[in-house]
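Listed below are the residues making up each chain.
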Protein chains: 2
Amino acid sequence: MADIKTCPPLSPDSIREAYALIGPNIHHTPVVTSKTLNRIASSPQAASALKGTVFEDQRPAKPVFRLYFKCENFQKIGAFKARGAFHALMRLCDQIGVDEVRKRGVTTHSSGRSHTLTLEAPIANSNLLAGNHAQALALAASTLGVPAHIVMPSISTPSKIAGTKSYGARVVFSGSTEPERVAVVQDIIRETGAILIPPYDHPDIILGQGTAALELESQVIDLLKQPPSKGDIKKDHPLDAVLTPLGGGGLLGGTASYFSNTPSTRVFGAEPSFEGGDDGRRGLAAGSRIPTVSTLTIADGLRTPVGEINWTVISDNKKVQGIFAVTENQIKEAMKLVLERMKLFIEPSAAVPVAVVLFAEEFRRIVEREGGEEGWDVGVILSGGNTTVEAIQKLYRED
Amino acid sequence: MADIKTCPPLSPDSIREAYALIGPNIHHTPVVTSKTLNRIASSPQAASALKGTVFEDQRPAKPVFRLYFKCENFQKIGAFKARGAFHALMRLCDQIGVDEVRKRGVTTHSSGRSHTLTLEAPIANSNLLAGNHAQALALAASTLGVPAHIVMPSISTPSKIAGTKSYGARVVFSGSTEPERVAVVQDIIRETGAILIPPYDHPDIILGQGTAALELESQVIDLLKQPPSKGDIKKDHPLDAVLTPLGGGGLLGGTASYFSNTPSTRVFGAEPSFEGGDDGRRGLAAGSRIPTVSTLTIADGLRTPVGEINWTVISDNKKVQGIFAVTENQIKEAMKLVLERMKLFIEPSAAVPVAVVLFAEEFRRIVEREGGEEGWDVGVILSGGNTTVEAIQKLYRED
């Protein structure tokens, strides 16, 4: 990575610069709306849904939503991670020169989720479940002619290994625990001089991910210009809120940085509550970052703790107005609605902010209270679509 | 329906008129491309895949494809059928007056696929599996303020009944066989004067469905204008071929009618071969339409025989250059690729033309021979996305 001291500040202007840099290398993904989802989200939850929560026996909130879904499942490699990987690599090339980067190469290791899944059950075609960051880095490196060394557990399925190799990366095998993988990465760095590109805990990654928020806002402005519309109300900043999934904090940190000068657009994070996966929310309550997380939530992209640099943004209540957590069943129900009603193929992590909109009563009360009868225009970043038919079968098997 | 004698000819101009009429009531669905699908489609099949076919021991074809997918899964009610239903109803209003249509109402019955599925196993949320035409008519009728009587088997699941009612239609119950449902429709017509809107066998339906082809061509022209492109080659008619699923023949008939003055764009139909579901192909071979079909193919939207009027278009070899059939496994494999790689949620019927591109060796040989090294630009109409997580689980259970 580029030296952190050389990185631009986490500001909207830096994200505009990042966008100018990576624009030609990423997809300008669509923003879609759905009357059906608006209707469901704008209906109060059943009283029974609040049973056993602090809202039991209270009147369910009746918020009014107009939702705008940013389809990063259609992004290159099937997830927003392509943005951060391209930005980090292109900034690195700017800083130390492309020849130097090509000489040394880059490295990272496949994220925890593939590791866990591999241990649980081998899944055919599971290259689609490989760490999104590893695939994103492999793609960015091959695009820029840079050698990439991706560390993967040796027990990975052949199709997953082939999938990562198909981006032109060199696959290096390791043991299946996190320390074993980190050790192999360090060996590679020692032997080849390769530069580590971490998945989220770096300003260049955060700024790259923030470009999804930039595109989203600009697309919603265009959508609202089309008839029928209310005209020029809130023209410059039409969104009342944006929700993103929160794992390591690259996407939420980038989104919050982009809107950091726009108080009318509140930014919220969405986490799985299963087995303490809501480390961001717990960290805010405790007043400090939770450094380790161990959860097997189905939202497998969100199993990681929030990164240190990411935490400086996320814990700033002028930048992130709240973090909400949802249950495994709520994530599954939200994912089912997006698949069946919106016809969009997404991974469970991407369904987490949708579940917050539909089921997090605390959030829904804020929208009812602050949005009133006019309601809120809310952006939701559908972070990725890297799952498989087999994984979906397994996910809903017990239903 | 409007009297057939008053219907415009099945020509491109009539489809342009249909589009002007229904445009404001339908979604302008996106056209998407996929490098991954282009790469897979442009790779020769494994020699083993041709085993047991007439191409066994021959060199597998090496066609070159640039594919353009027309996403009618994002159409209103989740399928292209909204186009035909709106067109038929609006033409009827033009012909006999909207007041008369509102007084009499319209009727149809839910298609065979929901019937069969209901008999096999009740599926939760199966309003998504209700006949697409029935839902399309219910939507068009409610939009235009016309009463709609939809005949459904009384053994339909409550959620399916609720789904059809949610469009404002009156649901009338019948026995579960086709003759029983037709009898109830005839009762309704006698009692209320309601006008029957058939699902495919009428010029107004065919012309309405043809508007998907019109949009597709215009969108591909726009896409090819964007850099990087080869410039102005084949600017007016960029598509070398278009493939659509073939069930009753509304979509294929409309597509073939739209391109009937454009010999450089060949039109092909795609059918399931299971249990004689390839009645279009067999009809061409026999020299006459096959009037009845009885298949439980997973492509449940394609279980119907080709309609009589549809047949006049489809059997005209200047309009339709060929019909190809694929197996159940080929449909499943194609559907899996569209879900996992393109992140588009589609129903099995929509995967049938994709399966032809990937697996129908006879078709692939044509593309290799006529497209040569430059290859073909091929449009594929993804006809709908009305399936469920449960149906997908069942579909791939034995794998």
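For the structure, check the block above.
Note that the coordinates shown come from a computational prediction; the quantities given were computed from them, not determined experimentally. (Residues numbered from 1 in each chain as written. Chains lettered and ligands numbered in written order. Predicted model: local features only at pLDDT ≥ 70, side-chain atom pairs only at ≥ 80, totals over all residues. Heavy atoms only, no water.)

Enquirer: Just give me the short version of the interface of chain A and chain B, but keep the residues and values in it.
Expert: Contacts between the two partners involve 24 residues from chain A, matched on the other side by 24 residues from chain B. Carbon and sulfur atoms supply 57% of the area that chain A and chain B bury against each other, a total of about 1900 Å² over both sides. Per-residue buried area on chain A facing chain B is highest for Glu340, Lys343 and Val389 of chain A; these three make up 34% of the total on that side. Of the charged contacts, one joins lysine 336 of chain A and glutamate 390 of chain B as a salt bridge, the two residues approaching to 3.3 Å between their closest N and O atoms. Where chain A meets chain B, there are 13 residue pairs in polar contact (both at pLDDT 80 or more). Put simply, the parts of the chain that give the side of chain A that touches chain B at least two residues each are helix H13 (328–342) and helix H16 (389–395) of chain A. The element contributing the most residues to the side of chain A that touches chain B is H13 of chain A, with 5 residues. (Contact = heavy atoms within 4.5 Å. Buried area = accessible area lost by both parts, 1.4 Å probe. Salt bridge = Lys/Arg side-chain N within 4 Å of Asp/Glu carboxyl O. Polar contact = N/O pair within 3.5 Å; in protein donor to acceptor, adjacent residues only side chain to side chain. Helix = DSSP H or I, 4+ residues; strand = E, 2+ residues; numbered from the N terminus.)

Enquirer: A description of the pairing of strand S2 (residues 65–71) of chain B should follow, citing residues and the corresponding values.
Expert: Residue and element names in this part refer to chain B. The buried fraction of S2 is high, at 6 of 7 residues. In this sheet, S2 lies alongside strand S1 (residues 31–32) in antiparallel orientation, the contact comprising 2 bridges. Note on S2: the bridge partner recorded for valine 31 is lysine 70. As defined by bridge partners, S2 adjoins strand S10 (residues 376–382) across 7 bridges and the pair is classed as parallel. Each bridged residue has a counterpart across the sheet, and for phenylalanine 65 the counterpart in S10 is tryptophan 376. (Buried < 20%, exposed > 50% of the residue type's maximum accessible area, 1.4 Å probe, protein only. Pairing = 2+ DSSP bridges.)

Enquirer: Tell me what's going on with the relation of the copies chain A and chain B, and back it up with residues and numbers.
Expert: The two copies are related by a screw operation: chain A maps onto chain B through 180° of rotation and 0.0 Å of translation along the axis, at an RMSD of 0.0 Å. Taken together, the rotation and translation describe the operation of a two-fold axis. The residues that chain A uses at the interface reappear at the interface of chain B in 100% of cases, marking a shared surface. (Least-squares fit on C-alpha atoms with pLDDT ≥ 70 in both.)

Enquirer: An account of the packing of aromatic side chains is needed here, citing residue identities and associated values.
Expert: Residues and elements named next belong to chain A. Per the counting criterion, the structure on display carries 10 aromatic pairs over all chains. Centre to centre, the rings of phenylalanine 268 and phenylalanine 324 are 5.8 Å apart; their planes meet at 45°, and the pair counts as tilted. Of the two residues, phenylalanine 268 sits in strand S8 (residues 266–272) while phenylalanine 324 sits in strand S9 (residues 322–326), which places them 56 residues apart along the sequence. When its relative accessible area of 6% is taken as the criterion, phenylalanine 324 is described as buried. In textbook terms, an aromatic cluster arises when at least three aromatic residues are bridged by ring pairs, as seen for Phe65, Phe268, Phe324 and Phe363. (Phe/Tyr/Trp six-rings, centres within 6.5 Å; stacked < 30°, edge-to-face > 60°.)

Enquirer: Go over the state of the cysteines with me, naming the residues and quoting the values.
Expert: Residues and elements named next belong to chain B. What the rule picks out here adds up to 0 disulfides over all chains. Here cysteine 7 stays unpaired: no disulfide links it, and the sulfur of cysteine 93, its closest cysteine neighbor, is 14 Å away. Accessibility expressed as a relative area gives 14% for cysteine 7, which makes it buried. (Disulfide = S-S within 2.5 Å.)

In short, the description is geometric, and any link to function would need to be established separately.
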